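# An overview of the molecular structure
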Amino acid sequence: MACPCFTASLKSPTVRMPKIFQVMTNEGDYGVDKNHVYYLGEVLKGADPTTFKVGKNGKAYDGKDCFIYGKPYHVADYKTFRMGKGNWDLDCKYAYYLGDNAQEEGAKRLRISDWKSFKGLNELYAKDNKQVYFQDKVVQGADAATFFTYKDNRHVGQDKTCVYYDGQPREL
């Protein structure tokens with residue numbers, strides 16, 4: 001009995017292999033087969049291979065969670081989840097901050113006040129209509145309505161009464 005995956009003629013053999021594994025990125029970091037999703041050769045626990053897709057900047061998603069460099073966000077509400085500007089993603093309960101160590105640590109969750117008004121200002125600062133955030137912490141005392149950042153220095157922010165460096169108030 002001949003193997004259904006191999007047919008040969010005298011001129012050229014033809015091999016038909018069933019699609020068992022698919023590399024998802026040019027770098028080869030994500031891959032899927034019919035049972036699992038892999039990141040750098042390790043099974044990505046909980047990821048659904050039937051819905052898994054790769055986005056930009058090391059991000060991937062599967063319809064119930066998002067992943068950064070193979071680490072799950074543990075999204076609280078996937079139906080409201082959206083990838084935001086730069087280092088900031090969010091759902092209706094949390095902002096997910098992707099810092100300089102995201103490759104090792106994954107996304108850091110930060111409870112936010114108002115997800116509908118939330119926006120990333122730069123790589124370090126974000127705000128909603130009630131609070132200002134620096135990385136994965138609330139900037140205590142900052143006035144969200146007047147808070148802004150400077151283009152030429154991502155570490156500095158300012159509101160109507162104070163200048164902040166790395167989220168900490170500084171005297172004028």
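It should be emphasised that the depicted structure is a prediction, and the values quoted were computed from it without experimental measurement. (Residues numbered from 1 in each chain as written. Predicted model: local features only at pLDDT ≥ 70, side-chain atom pairs only at ≥ 80, totals over all residues. Heavy atoms only, no water.)

### Looking at the environment of His36
Residue position: His36 is located in the loop between strand S4 (30-33) and strand S5 (37-39). Overall, His36 belongs to the partly exposed group, its relative accessible area being 34%. (Helix = DSSP H or I, 4+ residues; strand = E, 2+ residues; numbered from the N terminus. Buried < 20%, exposed > 50% of the residue type's maximum accessible area, 1.4 Å probe, protein only.)

### Remarks on the sheet that holds strand S11 (residues 82-83)
Read from one edge to the other, the open sheet built from four strands follows the order S11-S12-S13-S14, with strand pairing classed as antiparallel. Taken across any chain shown, the strands that pair with only one partner, and hence form the sheet edges, are S11 and strand S14 (108-111). Bridge analysis of strand S13 (residues 94-97) against S14 gives four bridges, and the strand direction is antiparallel. Directly across from Ala95, in S14, lies its bridge partner Leu110. (Pairing = 2+ DSSP bridges.)

### Overview of the environment of Gln22
Topologically, Gln22 is positioned in strand S3 (residues 21-23). C-alpha of Gln22 to C-alpha of Lys34: the two residues are 12 residues apart in sequence and 9.4 Å apart in space.

### Let's talk about the packing of aromatic side chains
For any pair of aromatic rings, the description consists of the separation of the ring centres together with the inter-plane angle of the planes. This model, assessed by the stated rule, comprises 16 aromatic pairs. Here the aromatic rings of Tyr30 and Phe52 are separated by 5.4 Å at their centres, their planes lie at 50°, and the arrangement is tilted. Linking Tyr30 in strand S4 with Phe52 in the loop between strand S6 (42-43) and strand S7 (53-54), this pair joins segments that are 22 residues apart in sequence. An identical accessibility class is assigned to Tyr30 and Phe52; each is buried. (Phe/Tyr/Trp six-rings, centres within 6.5 Å; stacked < 30°, edge-to-face > 60°.)

### Some words on the sheet that holds strand S21 (residues 163-165)
Spatially, S19-S20-S21-S22 is the arrangement adopted by the four strands of the open sheet, whose pairing is antiparallel. Only two strands of the sheet have a single neighbouring strand rather than two, namely strand S19 (148-150) and strand S22 (168-170). For this sheet, the mean angle separating the axes of adjacent strands, direction not counted, is 40°. Bridging between S21 and S22 involves three bridges; their strand directions are antiparallel. Residue pairing across strands places Tyr165 opposite Gln168, the latter belonging to S22. (Axes fitted to C-alpha atoms, helices over the stretch in contact; angles between N-to-C directions.)

### Examining the pattern of salt bridges
Per the stated rule, a full pass over the model turns up three salt bridges. One salt bridge in this structure joins Asp89 and Lys59, with 3.1 Å as the shortest N-O distance. Here Asp89, found in strand S12 (residues 88-90), pairs with Lys59, found in strand S8 (residues 59-61); they are 30 residues apart in sequence, far enough to count as distant. We note that Asp89, like Lys59, is buried. Between Lys137 and Asp136 there is a salt bridge, with its nearest N and O atoms 3.4 Å apart. (Salt bridge = Lys/Arg side-chain N within 4 Å of Asp/Glu carboxyl O.)

### Focus: the nonpolar core
In this structure, Trp88, Phe118 and Tyr125 are the most contacted members of the largest nonpolar core, which totals 20 residues. Listed by contribution, the elements that provide at least two residues to this core are S12, S13, strand S16 (125-127) and strand S17 (132-134). Looking at this core element by element, the count peaks at three residues for S17. Of all hydrophobic cores here, the second largest spans 10 residues; its members include Tyr73, Val75, Tyr96 and Ala102. (Core = buried A, V, L, I, M, F, W, Y, C linked by side-chain atoms within 4.5 Å.)

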